[in-house]
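Letter by letter, the chains look like this.
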Amino acid sequence: MPVLPKELFKKCYGRYAIAAVNVFTMEQVHGLFHAGETANAPFLVQITPAARDYAHSIMLEAMVHAASKIYPKAVYAVHLDHGNEEHAKDAITSGGYQSIMIDASHEAFEDNVKITKRIVERAHEHEIFVEAELGVLSGVEDDLSIDEKHAKYTNPSEVERFVQLTKCDSLAVAVGTSHGAYKFSGVQGIQFDILEEIQRRLPEFPIVLHGGSAVNEEEVQRINRAGGQLLKNATGVPPQEIARAIKYGVCKINIATDTRLLWTRVHREFFRDHTPLFDPVIPGKEYIRAYSDFMVQKFELFGATNKASEFIKS
């Protein structure tokens, strides 16, 4: 059952977070919906421009629609992740999205505002929720100077003005996480002082944490034992920091890297251990099961287990 993100975030604020998971394949869609129904947890299906290029937007939207029938108790919303203006406009007109992200974070502040405002005005005409981003998401080195360090993060003094000018509905912030498997090059972690100040300036406003994968060390080791060559210092966001961030208004936590690592580990180990086999169905089924189990654990970490019932009308 699709639910508007506005409703999801209104109920979860300060209590739990919604997992927003990037999907590229049928197996991932099956695993995500199965997990959501199993854990009775709401979630966001995230579709990136790369996924749209790979599978085609029509195919992905059709898979999500089919999954909603196969798993009728699943409570979810469909979200465009990291779209530019062209992607955002296409998603708005497609009718398959409840939410979109316009990412102009690499532009200067005023240009970010102009681009975001244009998309917000168009999206709101169609009652579509808009996530924007302020601050550049990247890795953080421990030896940066204070000025250099804060240049990497969202400036709390800008968030109120940005939201007021753009009228965006949620805000992705840079507070120490990054995309990919190398989120922390040192031990800095999430900058909770910045997150707390953002919450103070934007009370009750939904904050989004990108780069929320944990990058489990055991998964990396298993991949490498099965022939992979991932760098051993790959690291992610510690679970305790994720849980703590929720109290500061983080309503949506993005996950992508962890599911890619899971895909790699399952398939590398499968074909290492079953060298005569070549049928994609067998490891595909194993990946769906592993994906579902993984997401059930994430829902538990985010505090979202058994919260889907809050959105189901009796």
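From a predicted model like this one, the values you see are computed outputs, not experimental measurements. (Residues numbered from 1 in each chain as written. Predicted model: local features only at pLDDT ≥ 70, side-chain atom pairs only at ≥ 80, totals over all residues. Heavy atoms only, no water.)

*Asks:* Now, about unusual backbone geometry: what can you tell me, with residues and values included?
*Replies:* Non-glycine residue Val215 carries a positive phi angle of around 55°. Locating Val215 in the fold gives a position in the loop between strand 7 (207-209) and helix 10 (217-225). (Helix = DSSP H or I, 4+ residues; strand = E, 2+ residues; numbered from the N terminus.)

*Asks:* With reference to specific residues and values, describe the UniProt feature "active site" (unreviewed entry) in the protein chain.
*Replies:* The UniProt record marks Asp81 with the feature "active site" (unreviewed entry), using the residue numbering of this structure. You can see Asp81 is positioned in strand 3 (residues 76-83). Those residues in contact with Asp81 that sit more than four places away from it in its chain are Asn22, Gln46, Ile47, Thr48, Pro49, Met101, His210 and Asn254. (UniProt positions renumbered as here; feature names shortened; annotations may be inferred. Contact = heavy atoms within 4.5 Å.)

*Asks:* Give a description of helix 6 (residues 109-125) that names residues and reports values.
*Replies:* Along its 17 residues, helix 6 runs 24 Å from first to last C-alpha, staying within 8% of the 24 Å computed at 1.5 Å per residue. All of the buried residues along helix 6 are Phe109, Asn112, Val113, Ile115, Thr116, Ile119, Val120 and Ala123. Taken together, the buried residues of helix 6 touch helix 5 (85-94), strand 4 (99-102), strand 5 (129-134) and helix 8 (156-166). Just beyond helix 6, the residue with positive phi is Glu127, at close to 55°. (Expected span 1.5 Å × (residues − 1). Buried < 20%, exposed > 50% of the residue type's maximum accessible area, 1.4 Å probe, protein only.)

*Asks:* So what's going on with a nonpolar patch on the surface? Residues and values would help.
*Replies:* Residues Leu277, Val281 and Ile282 make up a contiguous nonpolar surface patch of roughly 230 Å² in combined accessible area. By the element assignment, Ile282 lies in helix 13 (residues 281-302). Ile282 gets classed as partly exposed once you look at its relative accessible area, which sits at 38%. (Patch = residues over 30% accessible without salt bridge, like charges linked within 9 Å, V, L, I, M, F, W, Y side chains within 5 Å. Areas by Shrake-Rupley, 256 points an atom, 1.4 Å probe, with all protein chains shown as cover. Salt bridge = Lys/Arg side-chain N within 4 Å of Asp/Glu carboxyl O.)

*Asks:* Please give an account of the sheet that holds strand 3 that cites residues and values.
*Replies:* Ordered by their spatial adjacency, eight strands build a closed barrel running 1-2-3-4-5-6-7-8, and the pairing between neighbours is parallel. Averaged over neighbouring strand pairs, the angle between their axes works out to 25° when direction is ignored. Bridge count between strand 7 and strand 8 (residues 250-255): three bridges; the pairing is parallel. Its bridge partner lying in strand 8, Val208 is registered against Lys252. (Pairing = 2+ DSSP bridges. Axes fitted to C-alpha atoms, helices over the stretch in contact; angles between N-to-C directions.)

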